[in-house]
Amino acid sequence: MKLILVIFGILVNMNALKVYQELSDLSLIQSSNIMKCSILNKIDYYYLSQSQPSVNYQMRISESHYAVDIFVDFYLIGEFIDKPINILLDNILIDQYSVKNDNSVPFCDIQPTQVSTYFKTYIHYQQDLNLAFQLENSNGFSLGIRNIQIIPKLCHESCTQCVGPQKDQCRSCYIGAQLSKKTNECKCPSITPYLSVQQNQCLKKCEVSEYFNQNLDMCIYDDKIEQVSQYFWNNYDFTGWSMIENGKTQSLLNKFYMNINGKIVGQFFVSQSINYKFNNAFYYQQLRIRADIYIFKSQLQPQIYVQVDKIQKLVTPLHYYNETESYGYIIYHIDYIIDALPISNITISVNSDENLQWGINQIIINTINCQANCNSCKSKLICNICKAGYYIYQGSCVTSCPKYSTLVDQVCKDITEQYPLTTYLLRAFDDNIITNFIVKNTRSINSFYQNQFGTFYDGIRYFGGLKDKGNQYFQKQFNNLPPHYKILLELNVMTFEFTQLNSSSNSVTISFDNQLATRINSWQDQIQMIKIEQAHIKQNLSLVMMSVSQVDTYFSFGISNLNIMIQRCQPLCKTCIGPNQNDCTEWIIEQNSYNQNCNDGYIFDIEQQKCLLCPMGCQKCLDQVTCLKCEDTFTQQGSSCYCLNGYIDEFTLDCIANITNPL
């Protein structure tokens, strides 16, 4: 008889979908085959033996993928040498696992148990996944299974099936998309050119809640869209709209053109434009204007202009197509973004030859907030006050504080905010410690005598933890660090003693650059919260954690809630002994700074450690997209600068006014 356990846990972490189920889950504890250890009684596992030698796990992976990484902890009990464990994926035998040497440890019960983590990568495409384990010879051999993790390797967003992660490795495409035999890429046809992953098909245009990302070449959901207003779709309400011709304002009412597809607002001549006033935008928000422009008669390529208050710009259409000769028009899709004002006066016009006639339909006007669910912005990127039900966390709005922060007066204070000029190098908490410490950093982690990636103990996932004989040794290397004067390390350590001792001198050592920073004595079944501050100015950092065991003892340790941080020097400081300007011992000399400050029009970038240009035409900026004051030759609207009635000199970057020759 096979027991089928359905795995429910599905979490998205960075670029990988992590699916896992711990056997301590409440949904599984009713099974008679769940066993608990007597020595470490917070360890439980699913038990296979002669009476029940097999088990199946079923799960569903909704994202498109081409392979899966499988992690499983095996507890080998009894006579296990050279006795294979059959591993089946989707009812096909994919591997047989066995051990040839006995390295068992009495960590669970009086009878020694060998701990081993099974890990392999297998090709897999289907959404449904069935993972099974079978004992081929259960005579005298029992097996414990726990800590199952499935990490799919995801396809490119444009593929529904693939053989790899790149966009040219597709095997099948979304509805309406075509697979190129030449490039193996999925492309939407010209009549429906927009790929929407959210809608699972190619569309004539992106949905209202999405926008077209030209870098990704697809429609992307935008959670910062607010105040969405739609005009001239199925409802033709002209309230607030007007037509302007030769400086005179007229009503748009009854300005219709009828065709087989329904109504179109128009037809307008080249001398006519339409106008609308959009209200209630807030500072540091942007305005997005989308519309379908219909060109009926034009011998020249039309030029579509959008003007918001005093800023008029020529808009390049995202796409255009003929609606067949019988309809007699071309449709242009436009998508234009500009800084919003509290009351934005919007004018749309088309310029071409004198025969031009044009119309418009399906207009969408919305604001783009600095952050989703923000009530007041500090810049184009940073929120200052969140809406009700949300907390501010480092300029964004969250429903609950991250584990590495604490709630203080509706603000989630990150741990880095407890220290001046602090940046984290690595953050690995119990819910993502394996992916952050190993999977994402495989080139910079060395592990000797460690057959275990992680241990789930008392509701917390630890990196390291239960293991067989031998010491544990973890090394993490950080290179090309920005100028700093101190290393800050915070982590939780759990130690495991498998031998009953009245006292133990087993310990864990932590070292920076081969220098001992601290020694942590073993406390059985106790979480120890460790904080270390140490002076450090080198560009590279080597972190080592190692177990130090007594003779004839079984001992190991696991870590969680790891934060590795540095306290930086002042901007433009190359070396320092503290956070203040007078603590700097050597300044960076570069052409865009003077007297330890960036020149006007530049802002310091901590990643590149130099002064970078502010947005074009900006004299003083808050960040690289938010301008506080424009250069004299530019016009400021919102927090952006515009060169009106002229051009930008490619050398001086000044706005040069066009000179009109007198008649």
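Heads up: the structure comes first, above all this text.
In what follows, the accompanying structure is described. Here the structure is a predicted model, which is why all the values come from computation and not from measurement. (Residues numbered from 1 in each chain as written. Predicted model: local features only at pLDDT ≥ 70, side-chain atom pairs only at ≥ 80, totals over all residues. Heavy atoms only, no water.)

## With respect to the overall build of the protein chain
Moving on, step 1. Each helix and strand counted, the protein chain has 2 helices and 62 strands in total.
Moving on, step 2. For the protein chain, with 663 residues in total, the buried portion stands at 49%.
Moving on, step 3. If you take every contact in the protein chain between residues at least 6 apart in sequence, the share linking residues at least 24 apart comes to 64%.
Moving on, step 4. In the structure as shown, the protein chain presents an accessible area of about 33000 Å², 48% of it carried by carbon and sulfur atoms. (Helix = DSSP H or I, 4+ residues; strand = E, 2+ residues; numbered from the N terminus. Buried < 20%, exposed > 50% of the residue type's maximum accessible area, 1.4 Å probe, protein only. Contact = heavy atoms within 4.5 Å. Areas by Shrake-Rupley, 256 points an atom, 1.4 Å probe, with all protein chains shown as cover.)

## Side note on unusual backbone geometry
Moving on, step 1. The omega angle of the peptide bond from Gly266 to Gln267 is 5°, so this bond is cis rather than trans.
Moving on, step 2. Here Gln267 is to be found in strand β25 (residues 262-269).
Moving on, step 3. Positive phi outside glycine occurs at Asp90, with the angle close to 55°.
Moving on, step 4. Structurally, the position occupied by Asp90 is in the loop between β8 (85-89) and β9 (92-97).
Moving on, step 5. Despite not being glycine, Asn184 shows a phi value in the positive range, around 60°.
Moving on, step 6. Along the chain, Asn184 turns up in the loop between β15 (178-179) and β16 (186-187).

## A word on the sheet that holds strand β28 (residues 303-308)
Moving on, step 1. Within the open sheet, the 6 strands sit side by side as β23-β22-β26-β32-β28-β29. Their pairing is antiparallel. The sheet terminates laterally at β23 (248-251) and β29 (311-315), the two strands that pair on one side only. Going across the sheet, the axis of each strand differs from the next one's by a mean of 30°, ignoring polarity.
Moving on, step 2. In this structure, β28 lies alongside strand β32 (residues 343-351), joined through 6 bridges in antiparallel fashion. When the bridges of β32 are listed, Val308 appears paired with Ile346. (Pairing = 2+ DSSP bridges. Axes fitted to C-alpha atoms, helices over the stretch in contact; angles between N-to-C directions.)

## As for the pairing of strand β20 (residues 218-221)
Moving on, step 1. Bridging between strand β19 (residues 210-213) and β20 involves 4 bridges; their strand directions are antiparallel. Note on β20: the bridge partner recorded for Phe212 is Cys219.

## Here's the deal with the packing of aromatic side chains
Moving on, step 1. Applying the stated rule across the entire model yields 23 aromatic pairs.
Moving on, step 2. Between Tyr231 and Tyr276, the aromatic rings sit 4.9 Å apart at their centres with planes inclined by 55°, giving tilted as the arrangement. Of this pair, Tyr231 sits in strand β21 (residues 225-231) while Tyr276 sits in strand β26 (residues 272-279), and the two are 45 residues apart along the sequence. By the burial criterion, Tyr231 is buried, and Tyr276 matches it. (Phe/Tyr/Trp six-rings, centres within 6.5 Å; stacked < 30°, edge-to-face > 60°.)

## Structural notes on the state of the cysteines
Moving on, step 1. Throughout the structure, instances matching the rule amount to 16 disulfides.
Moving on, step 2. Paired through a disulfide, Cys598 and Cys611 show a sulfur-sulfur distance of 2.1 Å. What sets the handedness of the Cys598 and Cys611 disulfide is the S-S torsion sign, and at about -85° it is left-handed. Remark: Cys611 occurs in strand β56 (residues 610-613) and Cys598 occurs in strand β54 (residues 597-598); sequence separation between them is 13 residues.
Moving on, step 3. For Cys598, a relative accessible area of 22% translates into the label partly exposed.
Moving on, step 4. For Cys611, a relative accessible area of 3% gives the class buried.
Moving on, step 5. Linked covalently through their sulfurs, Cys630 and Cys641 form a disulfide whose S-S length is 2.0 Å. Between Cys630 and Cys641, the disulfide has an S-S torsion of -95° and is therefore left-handed. Residue Cys630 is found in strand β58 (residues 627-630), and its partner Cys641 is found in strand β60 (residues 640-642); the two are separated by 11 residues along the sequence.
Moving on, step 6. Note on Cys641: relative accessible area 14%, which makes it buried. (Disulfide = S-S within 2.5 Å.)

## Considerations on a nonpolar patch on the surface
Moving on, step 1. A contiguous nonpolar surface patch, about 220 Å² in accessible area, is contributed by Leu381, Ile382 and Val625.
Moving on, step 2. With respect to the element layout, Val625 can be found in the loop between β57 (618-621) and β58.
Moving on, step 3. Note on Val625: relative accessible area 35%, which makes it partly exposed. (Patch = residues over 30% accessible without salt bridge, like charges linked within 9 Å, V, L, I, M, F, W, Y side chains within 5 Å. Salt bridge = Lys/Arg side-chain N within 4 Å of Asp/Glu carboxyl O.)

## Observations concerning the pattern of salt bridges
Moving on, step 1. In the structure shown here, the tally under the stated rule is 15 salt bridges.
Moving on, step 2. Among the ionic pairs, Asp217 bridges to Lys187, the shortest N-O distance being 3.7 Å. Taken together, the positions of Asp217 in the loop between β19 and β20 and Lys187 in strand β16 put the pair 30 residues apart, joining distant regions of the chain.
Moving on, step 3. For Lys187, a relative accessible area of 41% corresponds to the partly exposed category.
Moving on, step 4. The salt bridge partner of Lys574 is Glu586, with a shortest N-O separation of 3.8 Å.

## A look at empty space enclosed by the protein
Moving on, step 1. Here the structure, examined in full by the defined rule, presents 2 cavities of 30 Å³ or more.
Moving on, step 2. Reported here for the largest cavity is a volume of approximately 150 Å³.
Moving on, step 3. Taken together, 15 residues make up the lining of the largest cavity; nearest its centre are Lys205, Cys206, Arg290, His333 and Ile334.
Moving on, step 4. Contributions of two or more residues to the lining of the largest cavity are made by β19, β27 (286-297), β31 (330-339) and β33 (357-368).
Moving on, step 5. When its residues are assigned to classes, the lining of the largest cavity shows 8 nonpolar, 2 polar and 5 charged.
Moving on, step 6. Put simply, the second largest cavity is a space of about 30 Å³.
Moving on, step 7. Leu76, Phe80, Lys83, Ile85, Tyr97, Ser98, Val99 and Phe141 are the residues that line the second largest cavity.
Moving on, step 8. Its residues assigned to classes, the lining of the second largest cavity shows 6 nonpolar, 1 polar and 1 charged. (1 Å grid on protein atoms, 1.4 Å probe; cavity = no way out; pocket = protein on both sides within 12 Å on 5 of 7 lines; lining within 4 Å. Points joined across faces, edges and corners; volume = space filled by probe spheres on them. Nonpolar A, V, L, I, M, F, W, Y, C, P; charged D, E, K, R; others polar.)

That's the geometry; what it means functionally is another story.
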